[in-house]
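# Architecture at a glance
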Amino acid sequence: SYLANHLIDMYARCDSLAEARAVFDSLERPPTPVWTALLVAYGRNKKLDEARAVFDAIPRPNLACWNAMLSAYAQNGRLRTARDFFDSMQRRNVISWNAMVAAYAQNGYLEEARQTFDKMPDPDLVSWNTIVTAYAKRGDLVEARKLLRRMPKQTPVSQTVMVLAYAQEGRIDEARELFEQTRHPDVLCCNTMLGAYAQTGQHLVEASSLFDRMVAKDDVSWNTMLKAYVTCGEIEKAEGVFASMPRRDVVSWTSMVTAYGQAGDLEAARRTFDKMPSKDPAAWTAMLTAYGRNGELEEARSFFEDIPTKDSVAWNAMEAAYAQAGDMVAAVEIFKRMAVKDQSAWNTLVNGYAQAGEIQEAKRIFDAMPQRD
RNA sequence: GACUCGUUGGUUACG
């Protein structure tokens, strides 16, 4: 029970839901926190129905269970259900409110997030962090700063979020300034600054110097440094980091596949892909794109068909591979087969026709788009 | 001990 929580949590992070379930099933009368941990595990792994089934099976669900279910809905894009669920709650605490604010923000409803924040009873620092994050992620730095000034006190989260916000706007100097004003930046904040340096290639020296100065490094730090070299096409440096990392996870491996693909070394990319201990849709898609960008459309297609679970990004990548090769017939065929046609899928078509010189067709698609931007 | 906020990899566009 006590360590069952940790086990379930660990397994959930490793996508080992079956093992999490096994731990759970080994308990004859699981305490409520263990039920909640399992619910969260399902929710984080996109198993919403299972999460709900767990919730319904909890003998005496407390507020934490309700909050967990609320977040599970929100994190799986079920905003409406989340809101109805929130409204149906007999009791709410600050965590429920924070979860609802985050639910709106993460699903793109900034105004509703703000309204909820403004009317919640007793916002705590997490509430403030949540609303600042919402504005920062949208790129509204002015409002983010305004809210930041009204916060009772700064937190590691708010500091990190602001560094990230400036970085995402390409304002690296200001990001650095904020970062340097931070008294004792934690690993996440350092990683964020590292990522800011990594995103362009203009700041490789600063990236590696920060990386070397970091006293605490986690997997994300290493992966971010790796990515910095990959972005700059510094294959040898990337290989050096990859070889010396304490731990290589699926993110590290995928970065290397991308690196080789960008360098035009399909053999190395494929060798790396084949050696990956575990593969997720992102890894498959990276390899698929490597084939496509190097003109191997047939290989890309048969590889695509082999992907065990194709998410929407994988579909988009196959479509884009054809579109970029000028084969709009094949691109459209993929597009038509898509279960979900997101913005990227539409953009790829419009852009593909435009690049092929078929302007009128591009415009026709553009006008048919559900939401234009 | 469980529930809410921040960092890294794959697709398009944006930059």
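The text that follows walks through the structure, step by step, so that each part is easy to find. (Residues numbered from 1 in each chain as written. Chains lettered and ligands numbered in written order. Predicted model: local features only at pLDDT ≥ 70, side-chain atom pairs only at ≥ 80, totals over all residues. Heavy atoms only, no water.)

### A look at the overall build of chain A
Check the secondary structure of chain A and you find 24 helices and zero strands. For 373 residues, the compact-globule estimate of 2.2 N^0.38 gives 21 Å, and the C-alpha radius of gyration of chain A, at 23 Å, lies within 12% of that figure. Dimensions of chain A, computed from the C-alpha atoms along their principal axes, are close to 60 × 45 × 45 Å. The buried share of chain A, taken over its 373 residues, is 47%. (Helix = DSSP H or I, 4+ residues; strand = E, 2+ residues; numbered from the N terminus. Rg over C-alpha atoms; globule rule 2.2 N^0.38 Å. Buried < 20%, exposed > 50% of the residue type's maximum accessible area, 1.4 Å probe, protein only.)

### Some thoughts on the layout of surface pockets
A probe matching the size of a water molecule, rolled over the atoms, marks out where space remains unfilled. Quantified by volume, the largest pocket comes out at close to 840 Å³. Lining the largest pocket are 28 residues, and of these Gln75, Asn98, Ala102, Gln106 and Thr130 lie nearest its centre. Those elements that place two or more of their residues in the lining of the largest pocket are α3 (32–44), α5 (63–75), α7 (94–106) and α9 (125–138). Taken together, the residues that form the lining of the largest pocket break down as 15 nonpolar, 10 polar and three charged. Its volume calculated, the second largest pocket comes out at about 290 Å³. (1 Å grid on protein atoms, 1.4 Å probe; cavity = no way out; pocket = protein on both sides within 12 Å on 5 of 7 lines; lining within 4 Å. Points joined across faces, edges and corners; volume = space filled by probe spheres on them. Nonpolar A, V, L, I, M, F, W, Y, C, P; charged D, E, K, R; others polar.)

### Re the pattern of salt bridges
A side chain of one charge can pair with a side chain of the opposite charge when the charged atoms of the two come close. Scanning the entire structure with this criterion turns up 16 salt bridges. Taking the shortest distance from any N to any O, the salt bridge between Arg176 and Asp173 comes out at 3.1 Å. You can see Arg176 and its partner Asp173 sitting in helix α12 (residues 172–181), three residues apart, about one turn around the helix. On the basis of relative accessibility, which here comes to 49%, the residue Asp173 falls in the partly exposed class. A salt bridge links Glu333 to Arg301; the nearest nitrogen and oxygen atoms lie 3.2 Å apart. With Glu333 in helix α22 (residues 328–337) and Arg301 in helix α20 (residues 297–306), this residue pair connects regions lying 32 residues apart in the sequence. A relative accessible area of 31% means that Glu333 is categorised as partly exposed. (Salt bridge = Lys/Arg side-chain N within 4 Å of Asp/Glu carboxyl O.)

### Here's the deal with the protein's contact with RNA strand B
The environment of RNA strand B is formed by 62 residues, the closest being Arg44, Asn98, Thr160, Arg293 and Asn351. A share of 51% of the atoms of RNA strand B within 4 Å of the protein falls on sugar and phosphate groups. One of the side-chain N or O atoms of Asn316 is found 3.0 Å from a base oxygen in RNA strand B. Within the side chain of Asn347, a nitrogen or oxygen atom sits 3.2 Å from a base oxygen of RNA strand B. Considering every element that reaches the surface near RNA strand B, the biggest residue donor is helix α19 (residues 281–293), with seven residues. Of the residues belonging to the surface near RNA strand B, the class tally is 26 nonpolar, 29 polar and seven charged. (Near = heavy atom within 4 Å. Polar contact = N/O pair within 3.5 Å; in protein donor to acceptor, adjacent residues only side chain to side chain.)

### Some remarks on a negative patch on the surface
Taken together, the side chains of Glu267, Glu296, Glu298 and Glu299 define an acidic patch exposed on the protein surface. The residue Glu299 is located in helix α20 in this model. On the basis of relative accessible area, Glu299 is assigned to the partly exposed category, the value being 35%. (Patch = residues over 30% accessible without salt bridge, like charges linked within 9 Å, V, L, I, M, F, W, Y side chains within 5 Å. Areas by Shrake-Rupley, 256 points an atom, 1.4 Å probe, with all protein chains shown as cover. Lys, Arg positive; Asp, Glu negative; His and termini not counted. Charge placed at Lys NZ, Arg CZ, Asp CG, Glu CD.)

### Looking at the environment of Ala259
Relative to the helices and strands, Ala259 is located in helix α17 (residues 250–262). Placed 21 residues apart in sequence, Ala259 and Ala238 show a C-alpha to C-alpha distance of 8.2 Å. Apart from residues lying up to four places away in sequence, Ala259 is in contact with Val230 and Ile235. (Contact = heavy atoms within 4.5 Å.)

### Comments concerning the packing of aromatic side chains
Per the counting criterion, the structure on display carries 15 aromatic pairs. Pairing Phe273 with Trp284 gives two aromatic rings, centres 5.1 Å apart and planes at 75 degrees, and the pair type is edge-to-face. Pair noted here: Phe273 is in helix α18 (residues 266–275) and Trp284 is in helix α19, with a separation of 11 residues, a long-range link. Its relative accessible area of 2% is what places Phe273 among the buried residues. Its relative accessible area of 13% is what places Trp284 among the buried residues. Across the ring face of Phe273, the terminal group of Lys279 is positioned such that the distance to the ring centre comes to 5.1 Å. Lying over the aromatic face of Phe335, Lys341 brings its terminal NZ or CZ to 5.2 Å of the ring centre. (Phe/Tyr/Trp six-rings, centres within 6.5 Å; stacked < 30°, edge-to-face > 60°. Lys NZ or Arg CZ within 6 Å of the ring centre and 35° of its normal.)

### So, the side chain of Ser221
Within the element layout of this structure, Ser221 appears in helix α15 (residues 219–231). Look at Ser221 and you get buried, because its relative accessible area is 0%. Sequence-distant contacts of Ser221, defined by excluding residues within four places in its chain, comprise Val187, Asn191, Leu194, Phe211 and Met214.

### Remarks on the nonpolar core
Ile8, Leu39, Met69, Met193 and Met287 are the most contacted members of the largest nonpolar core, which has 130 residues in total. The leading source of residues in this core is α5, at nine residues. Every residue in contact with Met193, bar those within four places of it in the chain, is listed here: Val163, Ile172, Ala175, Arg176, Phe179 and Leu210. (Core = buried A, V, L, I, M, F, W, Y, C linked by side-chain atoms within 4.5 Å.)

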